[in-house]
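Here is what each chain is made of, one letter per residue.
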Amino acid sequence: ARLLHVSQMSKNIKEKPLVYYAEGADGLATECAESFHFSPIKFVGIRSAFDCIQKTMVGMEKVSMEQIISRNPDVIIASDEKFFKSVYGAGSRFN
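One structure accompanies this document, and this report is about it. The model shown is predicted, which means the values in this text are computed figures rather than measured ones.

Cut-offs used in this document
- Residues numbered from 1 in each chain as written.
- Predicted model: local features only at pLDDT ≥ 70, side-chain atom pairs only at ≥ 80, totals over all residues.
- Heavy atoms only, no water.
- Helix = DSSP H or I, 4+ residues; strand = E, 2+ residues; numbered from the N terminus.
- Buried < 20%, exposed > 50% of the residue type's maximum accessible area, 1.4 Å probe, protein only.
- Contact = heavy atoms within 4.5 Å.
- Core = buried A, V, L, I, M, F, W, Y, C linked by side-chain atoms within 4.5 Å.
- Pairing = 2+ DSSP bridges.
- Patch = residues over 30% accessible without salt bridge, like charges linked within 9 Å, V, L, I, M, F, W, Y side chains within 5 Å.
- Areas by Shrake-Rupley, 256 points an atom, 1.4 Å probe, with all protein chains shown as cover.
- Salt bridge = Lys/Arg side-chain N within 4 Å of Asp/Glu carboxyl O.

This part covers the overall build of the protein chain. What the protein chain contains, in helices and strands, is 4 helices and 5 strands. Out of the 95 residues belonging to the protein chain, those deemed buried represent 32%. Taking as baseline every contact in the protein chain between residues at least 6 positions apart, the subset at least 24 positions apart corresponds to 59%.

Structure (structure tokens):
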């Protein structure tokens, strides 16, 4: 029932954000759009910044900062606390 509710709600979102799913301590690994790791995010209609072909079963495709910047994602989701804190924590260059 909850998944159906989420699915129905996501249909009302007109502009689907482009998301970079940052993985690893440096944030320079991600999941391709078709990866099962990205499935929960994709389920609600969010677009992946990396529509790549997954090379391994574990995912975590290496990308460069230049590739991320060139895709200009609307949202960055960080799976690693260390990376998140390096970007948004006390003393980071973004605070």
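For the rest of this paragraph, the subject is the nonpolar core. Leu 18, Tyr 20, Ala 22, Ala 49, Phe 50, Val 63, Ile 68, Phe 83 and Val 87 form the largest nonpolar core, which has 9 residues in total. Contributing elements (two or more residues each) for this core: β1 (18-22) and α4 (81-88). The element contributing the most residues to this core is β1, with 3 residues.

Next up on the list: the sheet that holds β1. Here 3 strands make up an open sheet; going across it, the order is β3-β1-β5 and the pairing parallel. For this open sheet the edge positions go to β3 (47-48) and β5 (75-78), each flanked by a neighbour on one side alone. In this structure, β1 lies alongside β5, joined through 4 bridges in parallel fashion. Within the sheet, the bridge partner assigned to Tyr 21 lies in β5 and is Ile 77.

Let us now look at a nonpolar patch on the surface. Together, Leu 3, Val 6 and Phe 43 make up an exposed nonpolar region whose accessible area comes to about 270 Å². Turning to its location among the elements, Val 6 is positioned in helix α1 (residues 2-10).

For the structure on display, the rule yields 2 salt bridges. As a salt-bridge pair, Lys 62 and Asp 26 come within 3.7 Å of each other at their nearest N and O atoms. Of this pair, Lys 62 sits in strand β4 (residues 61-62) while Asp 26 sits in the loop between β1 and β2 (29-30), placing them 36 residues apart in sequence. Under the relative-accessibility criterion, Lys 62 is labelled exposed at 58%. Notably, a salt bridge pairs Glu 81 with Lys 85, separated by 2.9 Å at the nearest N-O pair. One end of the pair, Glu 81, and the other, Lys 85, are both in helix α4, 4 residues apart, so they sit about a helical turn from each other. Glu 81 sits in the exposed class, given a relative accessible area of 55%. What makes Lys 85 partly exposed here is its relative accessible area of 49%.

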